[in-house]
Amino acid sequence: MESRAKSMGHAIHPILIVFPLGLLATSVIFDILYLITDRTGFQVSAAYTIAAGVIGGLVAAVFGLIDWSAIPAGTRAKRVGAVHGLGNVVVLVLFAVSWLLRRGADNWDPNAGALVCSFAGIVLAGFTGWLGGELVERLGVSVSDGAGVNAPSSLSRRARARGA
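Residues numbered from 1 in each chain as written. Predicted model: local features only at pLDDT ≥ 70, side-chain atom pairs only at ≥ 80, totals over all residues. Heavy atoms only, no water.

Trainee: I would appreciate a short explanation of the overall build of the protein chain in the present structure.
Mentor: On a plain count of helices and strands, the protein chain comes out with six helices and two strands. Along the chain direction, N to C, the helices and strands of the protein chain fall in the order β-β-α-α-α-α-α-α. The principal-axis extents of the C-alpha atoms in the protein chain amount to approximately 60 × 35 × 20 Å. The 164 residues of the protein chain split such that 32% are buried. For the protein chain, contacts bridging at least 24 residues in sequence account for 72% of all contacts bridging at least 6. Entry remark: accessible area of the protein chain is about 9300 Å², with carbon and sulfur atoms responsible for 67%. Between the mean site of the 13 positive side-chain charges and the mean site of the 9 negative ones, the protein chain shows a separation of 13 Å. (Helix = DSSP H or I, 4+ residues; strand = E, 2+ residues; numbered from the N terminus. Buried < 20%, exposed > 50% of the residue type's maximum accessible area, 1.4 Å probe, protein only. Contact = heavy atoms within 4.5 Å. Areas by Shrake-Rupley, 256 points an atom, 1.4 Å probe, with all protein chains shown as cover. Lys, Arg positive; Asp, Glu negative; His and termini not counted. Charge placed at Lys NZ, Arg CZ, Asp CG, Glu CD.)

Trainee: Explanation requested: the layout of surface pockets in the structure shown.
Mentor: Vacant regions in the atomic arrangement are exposed by a probe of water-molecule size rolled over the atoms. In this structure, the largest pocket occupies an estimated 790 Å³ of space. Contributing elements (two or more residues each) for the lining of the largest pocket: α1 (12-16), α2 (18-37), α3 (40-69), α4 (76-103) and α5 (112-138). For the lining of the largest pocket, the residue count by class is 20 nonpolar, 12 polar and one charged. (1 Å grid on protein atoms, 1.4 Å probe; cavity = no way out; pocket = protein on both sides within 12 Å on 5 of 7 lines; lining within 4 Å. Points joined across faces, edges and corners; volume = space filled by probe spheres on them. Nonpolar A, V, L, I, M, F, W, Y, C, P; charged D, E, K, R; others polar.)

Trainee: So what exactly am I meant to see when it comes to α3 here?
Mentor: Since the α-helix turns once every 3.6 residues, residues separated by three or four places project in the same direction. With 30 residues, α3 should reach 44 Å at 1.5 Å per residue; the first-to-last C-alpha distance of 44 Å fits that figure. Burial in α3 covers these residues: Q43, A46, A47, T49, I50, G53, V54, G57, A60, G64 and D67. Close packing links the buried residues of α3 with β2 (10-11), α1, α2, α4 and α5. (Expected span 1.5 Å × (residues − 1).)

Trainee: What is the right way to look at the nonpolar core in this model?
Mentor: A general tendency of soluble globular proteins is for nonpolar side chains to be buried together. Core analysis: the largest hydrophobic core is formed by eight residues, namely L24, V28, I50, V54, V91, L92, F95 and A125. Among the secondary structure elements, those contributing two or more residues to this core are α2, α3 and α4. Here A125 is in contact with L21 and V91, once residues within four sequence places are set aside. Listed in part, the six residues of the second largest apolar core include A77, L131, L135 and V141. (Core = buried A, V, L, I, M, F, W, Y, C linked by side-chain atoms within 4.5 Å.)

Trainee: How should I be thinking about the packing of aromatic side chains in this particular structure?
Mentor: We describe a pair of aromatic rings using the distance from one ring centre to the other and the angle between the two ring planes. Considering all chains together, one arrives at four aromatic pairs under this definition. Aromatic pair F127 and W130: ring centres 6.5 Å apart, planes at 20°, arrangement stacked. Taken as a pair, F127 and W130 lie in helix α5 at a separation of three residues, close to a single helical turn. On the accessibility criterion, F127 (43% relative accessible area) is partly exposed. Taken together through their ring pairs, the aromatic side chains of Y48, W99 and W108 make up a single cluster. Lying across the ring of W68, K78 places its NZ or CZ 4.0 Å from the centre. (Phe/Tyr/Trp six-rings, centres within 6.5 Å; stacked < 30°, edge-to-face > 60°. Lys NZ or Arg CZ within 6 Å of the ring centre and 35° of its normal.)

Put into structure tokens, the structure is as follows:
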């Protein structure tokens with residue numbers, strides 16, 4: 001089943017999710033480094049990467065919702081996609097709460113609640129990311145109908161002629 005939202009022959013949602021996922025994971029790394037070293041730059045960096053990750057996640061979610069709406073009702077893919085999407089909403093809420101809890105502190109210093117939200121968010125993101133992989137790798141969502149080990153480039157004339 002091909003994606004509804006595509007650019008240059010590729011689904012947009014899987015392209016976009018790497019940014020928020022990487023930014024949110026990086027914010028957790030910065031938090032851990034801050035806890036280990038007590039250097040003030042790490043918690044400030046964590047706050048900025050959280051903000052960018054949440055914004056990027058919201059943008060990616062729009063395209064994920066477009067793709068999810070094309071999945072046939074009553075299928076396992078529709079159910080997995082719903083859990084994937086709702087789980088990612090929770091991830092974004094957890095990180096947004098973490099950011100809000102830091103906002104009023106000196107140098108964006110995270111309190112225990114902010115850290116718990118971020119750490120819980122990244123664990124949940126691991127699970128929802130696995131579900132996204134299940135959708136693509138196992139259930140074939142967003143996979144081109146003309147895919148294969150010898151398929152032409154999505155930018156080739158042959159691929160465009162087939163509508164891939």
